[in-house]
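Remarks on the overall topology
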Protein chains: 2
Amino acid sequence: MTSAARPGKERLSEAAVLRLSLLLRSLAHLPTDGVETVSSKALAERFGMNAAQIRKDLAHLGEFGVRGVGYRVADLRARLGSILGLDRVRVVVIVGAGHLGQALADSGNFNGESFRVAALFDVDGRKVGGRSRTGVPILHVDELPRSVAELGAEIGVVTVPAGEAPRAARALADAGVRGVLNFAPATVGPFPAATVKNVDLTLFLESLAVHLSAAG
Amino acid sequence: MTSAARPGKERLSEAAVLRLSLLLRSLAHLPTDGVETVSSKALAERFGMNAAQIRKDLAHLGEFGVRGVGYRVADLRARLGSILGLDRVRVVVIVGAGHLGQALADSGNFNGESFRVAALFDVDGRKVGGRSRTGVPILHVDELPRSVAELGAEIGVVTVPAGEAPRAARALADAGVRGVLNFAPATVGPFPAATVKNVDLTLFLESLAVHLSAAG
DNA sequence: TACTGTGAAGTGATTCACAGCG
DNA sequence: CGCTGTGAATCACTTCACAGTA
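Residues numbered from 1 in each chain as written. Chains lettered and ligands numbered in written order. Predicted model: local features only at pLDDT ≥ 70, side-chain atom pairs only at ≥ 80, totals over all residues. Heavy atoms only, no water.

**Observations regarding the overall build of chain A**
- Along its length, chain A carries eight helices and eight strands.
- Summarising its shape, the C-alpha atoms of chain A cover approximately 65 × 50 × 40 Å along the three principal directions.
- Buried residues in chain A amount to 48% of all 216 residues.
- Restricting the contact set of chain A to residue pairs at least 6 apart, pairs at least 24 apart contribute 55%.
- Element-wise, carbon and sulfur atoms account for 53% of the exposed surface of chain A, whose accessible area totals about 10,600 Å². (Helix = DSSP H or I, 4+ residues; strand = E, 2+ residues; numbered from the N terminus. Buried < 20%, exposed > 50% of the residue type's maximum accessible area, 1.4 Å probe, protein only. Contact = heavy atoms within 4.5 Å. Areas by Shrake-Rupley, 256 points an atom, 1.4 Å probe, with all protein chains shown as cover.)

Given below as C-alpha cells:
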C-alpha cells in the first residue's frame with residue numbers, strides 16, 4: 001500500500017502510526033488541571049492500551065521520557081505532532097464532488113488543526129463553478145494540475161465511482177500530491193511519488209457481516 | 001443460520017476476512033467466457049496476492065478445491081459469500097442524518113447485493129420526517145428501538161459528532177443491532193451483544209501525513 | 001501432470017520482565 | 001523508590017516447500 005521505500009530511518013509500522021495517532025488524540029482527553037507528566041501505565045489504563053507497547057513506541061522515536069517520572073505531556077504532544085506530521089496545516093483537495101466528497105469537504109474531520117480542504121473537483125458541468133455548503137469551490141478536473149500547484153495541495157482524496165477512480169488517482173499523482181486517499185472500491189496505484197491509502201467502505205460493512213453469521 | 005455448516009471452527013483473522021472479501025470481489029473481474037475453474041496461482045498473479053496464502057485461506061474454510069485443477073468458480077463464489085455473510089441482504093440503519101450519513105445512505109456501496117439502508121435517524125426536528133435524496137426516511141432517534149425491530153436491522157452506522165457517538169452507539173446496541181460501524185473519532189463500546197468497528201476518517205489522513213514528512 | 005492442502009520455516013509485531021536511571 | 005528503555009520470550013501471521021491426490 002505504501003509505494004516509496006524510505007531508506008534512511010527505521011520504519012514505523014502502520015499499526016504503530018495508528019497507535020501514536022490515537023495516543024495523541026487521547027492526550028486531549030487528559031484532565032487539564034495541572035497534570036504536567038503522565039506515565040505509560042496511566043495512559044494504558046486510561047485508554048485501554050498496553051503500557052509496554054506505549055513505551056516501546058515512544059522510545060522508538062527518541063528517548064524523551066523521564067525515568068521514575070513519566071513523560072512530560074507538553075513534550076509528548078509536540079513530539080507526536082511532529083512525528084505524525086501534524087505540526088502544520090496540509091492542504092487537501094477532493095476529486096469527486098458527489099455527496100460523499102462534499103460531506104468530507106465540509107466535515108470538521110477534514111478541516112481541523114492539521115488539514116484544510118481547499119477545493120473539490122468534478123466533471124459535471126452543473127457542479128463546476130459552484131461551492132459546497134461551507135464554501136469550498138468546485139472546479140473542473142482539468143484544473144487539477146494548476147490548482148494543486150497553486151494551492152500547494154499535498155493530499156488528494158478520491159470520491160468518484162469505482163470505474164473512474166484509477167484515472168482520478170493518477171491525475172492527482174501527476175498533479176503532484178504526495179498522498180492519495182481513495183474511497184472507491186477499486187485498486188489504484190501504486191505511484192512512484194505518492195503514497196496511496198485505500199479506504200473501502202464496503203469492506204468495513206462486510207467485515208461486520210462475517211461476525212453476524214459467526215456469533216451466537 | 002444457527003446451524004450453518006462451518007467446518008473450520010478456528011477463528012478467521014481480521015486480515016483473512018479482508019483478503020477473502022477482496023478475493024470475492026476480484027472474482028467478478030474474471031473473464032466470464034467459459035472460465036469454470038481457477039487456480040490459486042492464476043488468482044494470485046491476476047490480483048497481486050500470494051498463491052500459498054489464498055490456498056491457506058480457502059483450505060481454512062473447508063477443503064473444496066480440486067487437486068490438479070483448481071477451484072470451481074461458482075463454488076468459490078458461493079462459499080465465500082456464505083462465509084462472509086453476504087449471501088443475504090442485511091438491513092442497515094444510520095444514526096446521524098448529516099451530510100456523511102445521508103451520503104452513505106444514498107451510496108451504492110451501502111445499497112448493493114448484501115446491504116440495504118432502510119432508515120436514517122436524527123434528533124433535528126427539521127430533518128425528522130423527511131427523506132434522503134434517494135428516499136430513505138429520516139426518523140427520530142427515539143424511534144430506534146421500535147424501528148430496528150420492525151425493520152430487522154442488523155447493522156447500525158454512527159455518523160454523529162464525536163460527542164454524541166457513544167450515546168448513539170449504545171442506543172443502537174440496546175435496540176438490538178449486532179454490528180456497529182462507527183465513523184466518529186471517539187471510542188465506543190465494547191458491547192456484549194454487538195461487534196463494533198471503528199472507522200476513523202481522520203486517522204487515514206493522519207497516516208498519510210506521516211509519510212509526507214518522512215520522505216523528501 | 002498440475003494442482004491443492006499443509007507441516008515447517010520464517011518474519012514481524014506484541015508482551016513480559018527486569019536492568020538501569022532520575 | 002517508580003518509572004523508562006529494552007533484550008528475551010511469546011504470539012500471530014506469512015511464505016516456503018513438498019507430500020498427496022484427482
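**Quick notes on the domain arrangement of chain A**
- Along its sequence, chain A is carved into domain 1 (13–83) and domain 2 (90–203).
- For domain 1 of chain A versus domain 2 of chain A, the separation of C-alpha centres amounts to 32 Å. (Domains from an automatic or database assignment.)

**Concerning the packing of helix α2 (residues 40–47) of chain B against helix α3 (residues 51–60) of chain B**
Residue and element names in this part refer to chain B.
- Packing of α2 against α3 leaves a shortest axis separation of 8 Å and a crossing angle of 120°. When the axis of α2 is compared with that of α3, the two are oblique. In terms of crossing hand, the pair formed by α2 and α3 is right-handed. When α2 is examined against α3, the residues Ser 40, Lys 41, Leu 43 and Ala 44 are found in contact with a partner set consisting of Ala 51, Ile 54 and Arg 55.
- Classifying every residue of the contact of α2 with α3 by side-chain character gives four nonpolar, one polar and two charged. (Axes fitted to C-alpha atoms, helices over the stretch in contact; angles between N-to-C directions. Parallel < 35°, antiparallel > 145°, perpendicular 65-115°, else oblique. Left-handed = near helix turned anticlockwise from the far one by under 90°. Nonpolar A, V, L, I, M, F, W, Y, C, P; charged D, E, K, R; others polar.)

**Things to note about the packing of aromatic side chains**
- Tallied over the entire structure, the rule returns three aromatic pairs over all chains.
- Above the ring of A:Phe64, the side-chain terminus of A:Arg79 is found at 5.9 Å from the ring centroid. (Phe/Tyr/Trp six-rings, centres within 6.5 Å; stacked < 30°, edge-to-face > 60°. Lys NZ or Arg CZ within 6 Å of the ring centre and 35° of its normal.)

**Side note on the relation of the copies chain B and chain A**
- Once chain B is rotated about the relating axis by 179° and shifted along it by 0.0 Å, it coincides with chain A to within an RMSD of 0.1 Å. Taken together, the rotation and translation describe the operation of a two-fold axis. Within chain B, the C-alpha atom positioned nearest to the axis of rotation is that of B:Leu100, 3.2 Å from it.
- The overlap is high: 96% of the interface residues of chain B also sit at the interface in chain A, so the same surface is used on both sides. (Least-squares fit on C-alpha atoms with pLDDT ≥ 70 in both.)

**Side note on the interface of chain B and chain A**
- Each partner contributes residues to the interface: chain B has 50 residues there, and chain A has 49 residues.
- Counting the surface lost from both chain B and chain A, the interface buries some 4,900 Å², and carbon and sulfur atoms represent 69% of this.
- If you sort the residues of chain B by the area they bury against chain A, B:Leu205, B:Leu208 and B:Leu212 come out on top, with a joint share of 14%.
- For the interface between chain B and chain A, the tally reads two salt bridges.
- A salt bridge links A:Arg25 to B:Asp200, with the shortest nitrogen-to-oxygen separation between them at 2.3 Å.
- The interface formed by chain B and chain A holds 10 residue pairs in polar contact (both at pLDDT 80 or more) in total.
- Among the elements of the structure, α1 (14–27), α5 (99–106), β6 (153–158), β7 (179–182), β8 (195–198) and α8 (201–214) of chain B are those that each provide at least two residues to the side of chain B that touches chain A.
- Residue composition of the side of chain B that touches chain A, grouped by class: 28 nonpolar, 11 polar and 11 charged. (Buried area = accessible area lost by both parts, 1.4 Å probe. Salt bridge = Lys/Arg side-chain N within 4 Å of Asp/Glu carboxyl O. Polar contact = N/O pair within 3.5 Å; in protein donor to acceptor, adjacent residues only side chain to side chain.)

**Things to note about the nonpolar core**
- The biggest cluster of nonpolar side chains holds 95 residues, and the ones touching the most others in it are A:Leu58, A:Phe183, B:Leu58 and B:Phe183.
- For A:Leu58, the contacting residues outside a window of four places in its chain are A:Leu20, A:Leu23, A:Phe64, A:Tyr71, A:Leu76 and A:Leu80.
- With 24 residues, the next largest nonpolar core counts A:Val93, A:Ala118, A:Ala165 and A:Val177 among its residues. (Core = buried A, V, L, I, M, F, W, Y, C linked by side-chain atoms within 4.5 Å.)

**Some remarks on the environment of B:Ser26**
Residues and elements named next belong to chain B.
- Here Ser 26 shows up in helix α1.
- Once the C-alpha coordinates of Ser 26 and Ala 168 are considered, the two residues, 142 residues apart in sequence, prove to be 35 Å apart.
- Residues in contact with Ser 26, not counting those within four places in the same chain, are Phe 47 and Met 49.

**What to know about the pairing of strand β7 (residues 179–182) of chain A**
Residue and element names in this part refer to chain A.
- Across the two faces of β7 the burial is the same, with Gly 179 and Leu 181 and Val 180 and Asn 182 all buried.
- With four bridges connecting them, strand β6 (residues 153–158) and β7 associate as parallel partners. If you follow Ile 155 over to β7, its bridge partner there is Gly 179.
- With four bridges connecting them, β7 and strand β8 (residues 195–198) associate as parallel partners. Of the residues in β8, the one forming a bridge with Val 180 is Val 196. (Pairing = 2+ DSSP bridges.)

**Focus: the side chain of B:Asp57**
- Tracing the sequence through the fold places B:Asp57 in helix α3.
- Here B:Asp57 falls in the buried class, since its relative accessible area comes to 9%.

**With respect to the sheet that holds strand β4 (residues 115–122) of chain A**
Residues and elements named next belong to chain A.
- The six strands lie next to each other as β5-β4-β3-β6-β7-β8, forming an open sheet whose pairing is parallel. Strand pairing shows two members of the sheet lacking a second neighbour, β5 (138–140) and β8, which therefore form its edges. Ignoring which end each strand starts from, the neighbouring axes of this sheet average 25° apart.
- Contacts between helix α7 (residues 165–175) and the sheet are confined to β3 (90–95), β6 and β7, with β6 contributing the most and set at about 175° to the helix.

**Details of the protein's contact with DNA strand C**
- The immediate surroundings of DNA strand C are formed by 23 residues, with B:Ser40, B:Arg55, B:Lys56, B:Arg67 and B:Tyr71 found nearest.
- Close to the protein, within 4 Å, the atoms of DNA strand C are drawn from sugar and phosphate at a rate of 61%.
- Separating a phosphate oxygen of DNA strand C from a side-chain N or O atom of B:Ser40 is a distance of 2.7 Å.
- Elements with a contribution of two residues or more to the surface near DNA strand C: α1 (14–27) and α3 (51–60) of chain A together with α3 of chain B. (Near = heavy atom within 4 Å.)

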